[in-house]
Amino acid sequence: MGKFILRRAAQALLVIIGATLLVFLANFAFGDPFGSTGDRQVPPAIAAANRAAFGLDQPLPLQYLTYMGNLFTGDLGVDYNQNRPVIELLIETVPNTARLALVAIVIDIFIGVTAGIIAAVKRYSFADVLVTVVSTLAIGIPTFVIGFVLVATLSGVGPFPTVPRSFTVEVPWYTEVLLPAFALAIVDAAFVARLMRGSMLEVLRSDYIRTARAKGLSERKVIGKHALRNSMIPVITYIGVSLGGLLGGAIITEGIFQYPGVGYLLFRAIGGNNAPVITAVVIFSVLAIVVLSLIVDILYAYLDPRIRLS
Amino acid sequence: MTRSKAGLTAVAMTAVVGLVLTGCAQQSNQGVPGGDAAAQPAVGFPETEDFPETPGKPGGVFRLGISEPTAIDPFNAQESEGIGVTEALFTGLVQVEPDGTVVPGAATDWLANADCSVWTFNLAQGATFHNGEPVDAASFKRGWERAAAPESGSEVSYHLDVIQGYTEYQAGTATEITGVNATNPAQIVVTLAKPDCEYELRTNHPVYSPVPTVVGATTDTAYTDAPIGNGPFKLDGPWQHDTGIKLARFDEYSLGEPAYLDGAEFTILPSANAAQLEYDGFVNGQFDWARMPPTLLKLARETYEPQGKWLSKIANGMNYLTVAGTKAPMDSADARKAVSLAIDRNAIVQGVLQGSTTPASSLVPSLFPDAYQKDVCGACRYDVEEAKRLAASAGLVPGTELSFQFNTGGGHEEWTAAVRQQLETNLGLKVSYTGLPFTDLLNNEGAPEATGIFRSAWGADYPTPGNFLIPLLATSSIGATPTEPVTGNNYGRYSNPEFDELVLKASASQDEAERNELWKQAEKIAIGDDQALIPLWVRQQFRLVATDKFANTNMNFNENPTLETITLK
């Protein structure tokens, strides 16, 4: 197992180097990332500080090294608008996004796995048809539509805070996180339900399940213990990648709900052509996905010994 | 110098379809002799009356959404949002009423010498900063020098550049601005390098604010996020970037009535969709003052005008076409008038712009009622026959190539396309039509070889017609020889000694009525006779106001709510 983790970690490192190289090339190799402005002039002092921090006067390979060095020390440059270190902005927003992502995933798993199991176990029943129809519908509706509908109908109702609202109106985090998490979870839950149904059906046909049943195990144990574990493998892969994506910030959903996370930070930064923030958030998103995939792979190996042994 | 690149934000495609239809309808009418303004239907949304002054109760917190300001410290407050907060925190020497009249601020009275080169402001006694420190002449000098210091990086300190000694101080070769004398604490004497009989208007800009002795450096964000002012409101906690700004009434305010409001809350919204969010926040009761996207104007008006919550005002600004009038084919007044006459402003305003503004017939907007001359631009109407006649006499024959450049990303694509189509249809011109980034547009406009027409907009920094006429049309505002790029704002390189003399005389006149008369004469020459530029439509602003909760809520010169007068209903 240790060897496997080591091997996967090395691969992840390569991916990170490749990804940062791409982001670096996209942002730095073509022109001056700190010269572009939105509606405003970048104060010369800030532009100069950014250029110096990123070593823009050096040749490209050296720039990349400086940039990687900066990444490791957490020096991501200075934000145009606020004249604050970008790392501070990330530190402020990442926990909010993590909270949102986790709540979304919990809703996602709860709805998706439950619906998938019911659909598989009671195949061709009314419940199964219902799950199929509803999940098709949910996959078909874009997340932003769900977001807008939720804002229009539920924000300001009961515990859900209004959007937008005056910044002095304080709301408990769990009321703020629910609607955007739900909007994010719906499409994912539909995918999870379908994956779960498919893989559960496959597992239920396998020999060891027949054996388990023949041994006289209760149906509850057969499904809950023997079938579930194996049929979770594709679902976990999906959820892991999906969590990585959510941790990187859900730009549209966070934007719609004005949820103070990484996605909203990026949304604002793009609006203001705030290159240092855009660069930092994009790199953060890449890291989130790579690290999450690594974790998924390790979990995968834990669930299915064949993978780590091959 | 406020040159704006943004106009109206994105307008739905349906509007373009609408324009094409309107355009056709208008063209079928072209046989009818044009020019009768009264016969044309009123276009755009009419202005609303100021909300009546009503006695109200103190208290209440006024809430609104804004975009992230550049600064709320006066040394660098610049756009409407930043100035809106800064002018609540600081009271300068004079104040400007919503209609442009000047009233005392920190100065009780002021006087210029005969040639307007030395200005004496007498300061009100007993006024203090929010920290209790008295406001005296030195506080003003300190504030001005702080902004003008080379290391401040201020983008607005040029408003101080008429003061003697500013240049040396800014260059770092002097230790003080010699033109500012603050030896008498109750009086500040300003010597100007460029005499200006309207100088007091300049001092309304926040960069002229006083600062206390405990002021922080302009690089100290802990201070610049929580500046200490002398205005009717003080900060209630520092500026929370990208989140909000909270103000509380300054109870010891003595430069006028203390505010009635307990406070104000500015919620910072992402600039990309701020107008939409302001509107949403107004609808759901979170904000008491809101802008709205152009596409929602009609709906918003229909909903809120009957409730008395709709505010529509012609504001400080003008949209126009800069004309490279020194180069063919636009080098004659007739050619410029022909182009102007061939543009159907009403159809564009009603179609593409969805009625969100009002066609212009002058350069100086109606914001200045004493200098406003409706229809001074005789060619600012739609008359294809006259346009063709003038074009023929000016050699602007069908097939002539005309360059038309505009900046992308400011929502100008649709209406410039409509203008292009009208020029091609009505005059048979071959319009080469280019959209490019704003800075490139300015570079092209200012280049010595520039020809044709350019999209432009202008807003005055000080409430005077002169701030339209002089920067845009005076010879001195070209700032370059014919072979050099323009350095001022007179991109059309208009130069007429008669005009120059009139505006110079106006700037040197102490008598307001005489000054307005001279402004009028100057505009008559530059716009009426020479058509140095082509006015299109005015800057018009719309707001939704929670008049059910608050009274005396009007819009000031900087397009912000008049926080100091608002009362609870």
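Q: Could you give an account of the overall build of chain A, naming the residues involved and the relevant values?
A: Along chain A, the regular secondary structure elements total 13 helices and 0 strands. Along its sequence from the N terminus, chain A presents helices and strands in the succession α-α-α-α-α-α-α-α-α-α-α-α-α. Taking the principal axes of its C-alpha atoms as reference, chain A extends roughly 75 × 55 × 30 Å. Classification of the 310 residues of chain A by burial places 45% in the buried group. Of the contacts made within chain A by residues no fewer than 6 positions apart, 72% connect residues no fewer than 24 positions apart. For chain A, the accessible area works out to roughly 15300 Å², and carbon and sulfur atoms hold 70% of it. In chain A, which carries 23 positive and 18 negative side-chain charges, the distance between the mean positions of the two groups comes to 16 Å.

Q: Outline the nonpolar core, supporting the account with residue identities and numerical values.
A: Residues Val113(A), Met196(A), Met200(A), Val235(A) and Phe257(A) are the most contacted members of the largest nonpolar core, which totals 47 residues. Sorting the residues of this core by element identifies α4 (86–121), α6 (143–154), α7 (173–204), α8 (207–214), α9 (219–247), α10 (251–257) and α12 (275–303) of chain A as the ones contributing at least two each. The contact partners of Phe257(A), leaving out residues within four places of it in the chain, are Gly147(A), Leu150(A), Val151(A), Val163(A), Leu179(A), Pro180(A) and Ala183(A). One finds Ala112(B), Cys116(B), Ala127(B) and Leu192(B) within the second-largest nonpolar core, a separate group that totals 39 residues.

Q: Break down the pairing of strand β2 (residues 61–67) of chain B for me, citing the residues and quoting the values.
A: All names here are of chain B. The buried count for β2 comes to 6 of 7 residues, which makes it a mostly enclosed element. Taken together, the 7 bridges between β2 and strand β11 (residues 263–269) define a ladder with parallel strand orientation. Paired with Gly-65 across the bridge in β11 is Thr-267.

Q: Explain a nonpolar patch on the surface to me, and be specific about the residues and the numbers.
A: Residue and element names in this part refer to chain A. A contiguous nonpolar patch, built from Leu-137, Ile-141, Phe-144, Val-145, Phe-148, Val-149, Ile-251 and Ile-252 and spanning about 690 Å² of accessible area, is present on the exposed surface. Listing elements by their share of the nonpolar patch, those giving two or more residues are α6 and α10. Counting residues per element, the nonpolar patch draws most heavily on α6, at 4 residues. Its place among the elements puts Leu-137 in helix α5 (residues 126–140).

Q: Lay out the state of the cysteines with the relevant residues and their values.
A: Residue and element names in this part refer to chain B. Per the counting criterion, the structure on display carries 2 disulfides over all chains. Disulfide pairing is shown between Cys-116 and Cys-197; the S-S distance is 1.8 Å. The disulfide joining Cys-116 to Cys-197 has a torsion of about 90° about its S-S bond and is therefore right-handed. Here Cys-197 lies in the loop between β8 (187–191) and α5 (199–202) and Cys-116 lies in the loop between β5 (107–112) and β6 (118–123), a separation of 81 residues in the sequence. There is no split in this pair, since Cys-116 and Cys-197 are both buried. Across a sulfur-sulfur distance of 2.0 Å, Cys-377 and Cys-380 are joined as a disulfide pair. The disulfide joining Cys-377 to Cys-380 has a torsion of about 85° about its S-S bond and is therefore right-handed. The residues Cys-377 and Cys-380 share a single accessibility class, namely buried. Sequence-ordered numbering of the bonded cysteines in chain B gives a pairing of 1-2, 3-4.

Q: I'd like a description of the pattern of salt bridges, backed by residues and values.
A: Under the criterion given, the structure shown has 27 salt bridges over all chains. In this structure, the salt-bridge partner of Arg165(A) is Glu176(A), at a minimum N-O distance of 2.8 Å. On the criterion of sequence distance, the pair formed by Arg165(A) in the loop between α6 and α7 and Glu176(A) in helix α7 is long-range, its members being 11 residues apart. When sorted by exposure, Arg165(A) lands in the same class as Glu176(A), which is buried. In the salt-bridge network here, residues are joined through shared partners; they are Arg63(B), Asp288(B) and Lys549(B).

Q: Tell me what's going on with the environment of Trp310(B), and back it up with residues and numbers.
A: All names here are of chain B. Relative to the assigned elements, Trp-310 resides in strand β13 (residues 310–323). Once the C-alpha coordinates of Trp-310 and Ala-526 are considered, the two residues, 216 residues apart in sequence, prove to be 36 Å apart. Excluding residues that lie within four positions of it along the chain, Trp-310 makes contacts with Phe-45, Thr-48, Phe-51, Met-292, Leu-297, Ala-300, Arg-301, Tyr-304, Glu-305, Phe-542, Arg-543 and Leu-544.

Q: Describe the sheet that holds β8(B), and please don't skip the residues or the numbers.
A: Residue and element names in this part refer to chain B. Taking strand neighbours across the sheet as the criterion, the 4 strands line up as β5-β6-β8-β7 in an open arrangement whose pairing is antiparallel. The open sheet has two edge strands with one neighbour each: β5 and β7 (180–181). Alignment of β5 against β6, held across 5 bridges, turns out to be antiparallel. Residue pairing in the sheet places Trp-110 in a bridge with Phe-121 of β6.

Q: Please give an account of the packing of α7(A) against α9(A) that cites residues and values.
A: Residue and element names in this part refer to chain A. Interhelical geometry of α7 versus α9 gives an angle of 150° and a closest axis separation of 9 Å. Put simply, α7 runs roughly antiparallel to α9. Relative to α9, the crossing made by α7 is right-handed. Packed against α7, whose contacting residues are Leu-184, Asp-188, Phe-191, Val-192, Leu-195, Met-196, Ser-199, Met-200, Val-203 and Leu-204, the element α9 presents Ile-223, Ala-227, Leu-228, Asn-230, Ser-231, Met-232, Pro-234, Val-235, Tyr-238, Ile-239, Ser-242 and Leu-246 at the interface. Here the contact of α7 with α9 is built from residues that sort into 17 nonpolar, 4 polar and 1 charged.

Q: Tell me about the interface of chain B and chain A, and please be specific about residues and values.
A: In many analyses, interface size is given as the accessible surface area lost on bringing the parts together. Across the contact, 30 residues belong to chain B and 21 residues belong to chain A. For the pair chain B and chain A, the summed buried surface comes to about 2100 Å²; carbon and sulfur atoms form 52% of the total. If you sort the residues of chain B by the area they bury against chain A, Asp242(B), Pro270(B) and Gln286(B) come out on top, with a joint share of 22%. Seen at the junction of chain B and chain A, the total is 1 salt bridge. Residue Asp242(B) is joined to Arg268(A) by a salt bridge in which the shortest nitrogen-to-oxygen separation is 2.6 Å. Split into classes, the residues belonging to the side of chain B that touches chain A amount to 9 nonpolar, 12 polar and 9 charged.

Q: Outline the confidence of the model for chain B, supporting the account with residue identities and numerical values.
A: In the predicted model, chain B carries a mean pLDDT of 89, and the fraction of residues at 70 or more is 92%. Confidence drops under a pLDDT of 50 for residues 7–41 of chain B, and excluding neighbours within four residues, the segment shows 41 contacts in the predicted structure.

Q: Just give me the short version of the side chain of Ser166(A), but keep the residues and values in it.
A: Locating Ser166(A) in the fold gives a position in the loop between α6 and α7. Residue class for Ser166(A) comes out buried when judged on its relative accessible area of 1%. Separated by 2.7 Å, the side chains of Ser166(A) and Glu265(B) make a polar contact. Contacts of Ser166(A), omitting those with residues within four sequence positions, involve Arg63(B), Glu265(B), Thr267(B), Gln286(B) and Phe287(B).

Criteria and thresholds
- Residues numbered from 1 in each chain as written.
- Chains lettered and ligands numbered in written order.
- Predicted model: local features only at pLDDT ≥ 70, side-chain atom pairs only at ≥ 80, totals over all residues.
- Heavy atoms only, no water.
- Helix = DSSP H or I, 4+ residues; strand = E, 2+ residues; numbered from the N terminus.
- Buried < 20%, exposed > 50% of the residue type's maximum accessible area, 1.4 Å probe, protein only.
- Contact = heavy atoms within 4.5 Å.
- Areas by Shrake-Rupley, 256 points an atom, 1.4 Å probe, with all protein chains shown as cover.
- Lys, Arg positive; Asp, Glu negative; His and termini not counted.
- Charge placed at Lys NZ, Arg CZ, Asp CG, Glu CD.
- Core = buried A, V, L, I, M, F, W, Y, C linked by side-chain atoms within 4.5 Å.
- Pairing = 2+ DSSP bridges.
- Patch = residues over 30% accessible without salt bridge, like charges linked within 9 Å, V, L, I, M, F, W, Y side chains within 5 Å.
- Salt bridge = Lys/Arg side-chain N within 4 Å of Asp/Glu carboxyl O.
- Disulfide = S-S within 2.5 Å.
- Axes fitted to C-alpha atoms, helices over the stretch in contact; angles between N-to-C directions.
- Parallel < 35°, antiparallel > 145°, perpendicular 65-115°, else oblique.
- Left-handed = near helix turned anticlockwise from the far one by under 90°.
- Nonpolar A, V, L, I, M, F, W, Y, C, P; charged D, E, K, R; others polar.
- Buried area = accessible area lost by both parts, 1.4 Å probe.
- pLDDT = per-residue confidence, 0-100.
- Polar contact = N/O pair within 3.5 Å; in protein donor to acceptor, adjacent residues only side chain to side chain.

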